[in-house]
Amino acid sequence: MLAAIGRFLTAPFRWIARTVFGRGARSARKSAAGYAAKGLGGEAPSEESIVERDRAGGVLFVRLQRPTLVERTAADMTLNEAREYAAQAEKFYAYPFPLFARSDFFYEEVEQDHLNHALGLGEGAADENFLMIMQHFRRVLNANTRRLFLFYAPMLLVLTLAAAFYLAPGLSEVTALAVGGSEAKLALYLADALIATLALALLLLLYHWPYKVIQQHNLLGLDNYITSKFSRINQNFQVAKRRAMNVERNKRMPQADELRQEAGDWTIAYHWLALRLFFCEMTVRNAVYQIRRNTGLYDLGGVVLSVALTAGAIFGFGHIDAARDNFWIEAVGVAGVFVVAGYILAMGGATRETLSVMQPREWNRFHLIDLDQTIRDHVGEDKLQIVTFRDRNRIE
C-alpha cells in the first residue's frame, strides 16, 4: 500500500527523471545488445578515473555512468593472445592460495582477496578493470543507501520532531475544528499525525525518486556491462575451443614441436577463459551479497539511530518548554509511525526493488558453456583419431 502511494506521489518526478537523466530502463535494456555487438572500447584504465568521471553524476546521490568494454573480440584473438591467456592460467595454477586466511571481520573480504589473486589484480590481467569497476559500483551503491538510511531519513525525522514541537500547537487550533473544539489533546495528536504523514510522504518521495531511480540506473548500466563482458568471454572461449580441437589440420609431422606447443596454448586458453567466467561470476556474487548485507545493516542502523534521536529530542525539547510535559507521547507516536512505515514497510525492500533490474538469466554464465562436455569431446576426438590411425597403419 505504501509503495503504491509512493509510486503515485512520485510519478511526475520519475517522469522528469527519465526525461532529464536520459533513457529509461526499457531503452537502456535494448541498448545492451548494441554495446555488446559494437564492442565499444575505452574502459577506464583505473578506479580513480572512474570515480573522477562520476563525481558530477548526482546531487543527493551519485549517478554512475555505464562502464565500457575492452575485452578482446573473438575475431581478433590470435595465437599470441592465447599464449597470454595461457601465461595467466599458469600463474593461477601455480599460486599457493593460503589455507589460513586473514582474520577479517567479514569473510567476503577474504573471498574477494582470493578472487583478486585468481584474476590477477595489479598484474595487468584482462579482468583487472572488471574487478575495479565492481568494487567502485559496490562502494557507490552502498554509499547511496548509507546516505538515505543514516543521514537523510534521520535528518528528516529530526525536522519532523521539531515541527511536532513547534508547529503542532498552532496546527491543533485548525484540527480542533475536526473534533468539535472540545478535545484539545485529541486535536494536538491529530496535528502530530498530519505532520508525521507529511514527513512520511517526503521520505517516500526521496526513496522512490531520486534514490531508487538512480540506484536502478546504476545497476542497469552494470547489468549491461556484465552482459557484454560475459558474452565476449564466451565468444572467446568458443573460438579457443575450436582452434584447440582443429589445430592439427594445418600442421605436418615436421612441425610436431610447433603443433604440440600451439595445441597446448589453445587448450589452456579455453580452460582459463572458462575459469575467468567462473571467477567473474563469483565477484558479482560477492558484490551483490555485500550490497544486500550492508543495506540490511543500514536499515537496522537507521532504526537504532532514529530511536536515539527521538530520545534526544524528548530530552532536549523537554528542557526548552517544561509545559509540554506530554511531548514524549507525541514524539514516540510520530517517530513510531516514521520508523515503522518508513524504515520497515516502505524501505524494507530496498535491496529487492533495486536489484530487480539485473537479469542474470541473460548472462552467458559458466554453467552454460559446458566445459565438461568440451573436455570430453576434445579428449575423446583426439583419442579416436589416434586409434583410427594406429589401426589403419596396422592394416596397411
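Higher on the page you've got the structure.
All values derive from a computational prediction rather than experimental measurement.

Definitions and limits used
- Residues numbered from 1 in each chain as written.
- Predicted model: local features only at pLDDT ≥ 70, side-chain atom pairs only at ≥ 80, totals over all residues.
- Heavy atoms only, no water.
- Helix = DSSP H or I, 4+ residues; strand = E, 2+ residues; numbered from the N terminus.
- Buried < 20%, exposed > 50% of the residue type's maximum accessible area, 1.4 Å probe, protein only.
- Contact = heavy atoms within 4.5 Å.
- Areas by Shrake-Rupley, 256 points an atom, 1.4 Å probe, with all protein chains shown as cover.
- Core = buried A, V, L, I, M, F, W, Y, C linked by side-chain atoms within 4.5 Å.
- Axes fitted to C-alpha atoms, helices over the stretch in contact; angles between N-to-C directions.
- Parallel < 35°, antiparallel > 145°, perpendicular 65-115°, else oblique.
- Left-handed = near helix turned anticlockwise from the far one by under 90°.
- Nonpolar A, V, L, I, M, F, W, Y, C, P; charged D, E, K, R; others polar.

Some points on the overall build of the chain
In step 1: Summing up its helical and strand segments, the chain has 12 helices and 0 strands in all.
In step 2: Start at the N end of the chain and walk to the C end: the helices and strands fall as α-α-α-α-α-α-α-α-α-α-α-α.
In step 3: Within the chain, buried positions represent 44% of all 396 residues.
In step 4: Across the chain, contacts joining residues at least 24 apart in sequence account for 84% of those joining residues at least 6 apart.
In step 5: Accessible area for the chain stands at about 21,000 Å²; split by element, carbon and sulfur atoms hold 62% of it.

Thoughts on the nonpolar core
In step 1: Counting residues in each nonpolar core, the largest one holds 46 residues, and the members touching the most others are Leu 222, Ile 226, Phe 279 and Met 358.
In step 2: Of all the secondary-structure elements, those providing two or more residues to this core are α4 (79–94), α5 (107–119), α6 (128–166), α8 (184–246) and α9 (256–320).
In step 3: Of all the elements, α9 adds the most residues to this core, at 13 residues.
In step 4: In this structure, Leu 222 is in contact with Ile 133, Met 134, Phe 137 and Met 358, ignoring residues within four places of it in sequence.
In step 5: Formed by 30 residues, the second largest nonpolar core is a distinct cluster that contains Leu 161, Ala 164, Phe 338 and Ala 350.

Some thoughts on the side chain of Asp 223
In step 1: Along the chain, Asp 223 turns up in helix α8.
In step 2: Each residue touching Asp 223, except ones within four places of it in the same chain, is listed here: Val 357, Met 358, Gln 359 and Trp 363.

A word on the packing of α9 against helix α10 (residues 327–346)
In step 1: Where α9 contacts α10, the two axes come as close as 10 Å, and the packing angle between them is 165°. Classified by the interaxial angle, the pair formed by α9 and α10 is roughly antiparallel. Crossing hand, α9 versus α10: right-handed. Touching Asp 299, Gly 302, Val 303, Ser 306, Thr 310, Ala 313, Ile 314 and Phe 317 of α9 are Phe 327, Trp 328, Ala 331, Val 332, Ala 335, Val 339 and Tyr 343, all from α10.
In step 2: Across the contact of α9 with α10, the residue classes break down as 11 nonpolar, 3 polar and 1 charged.

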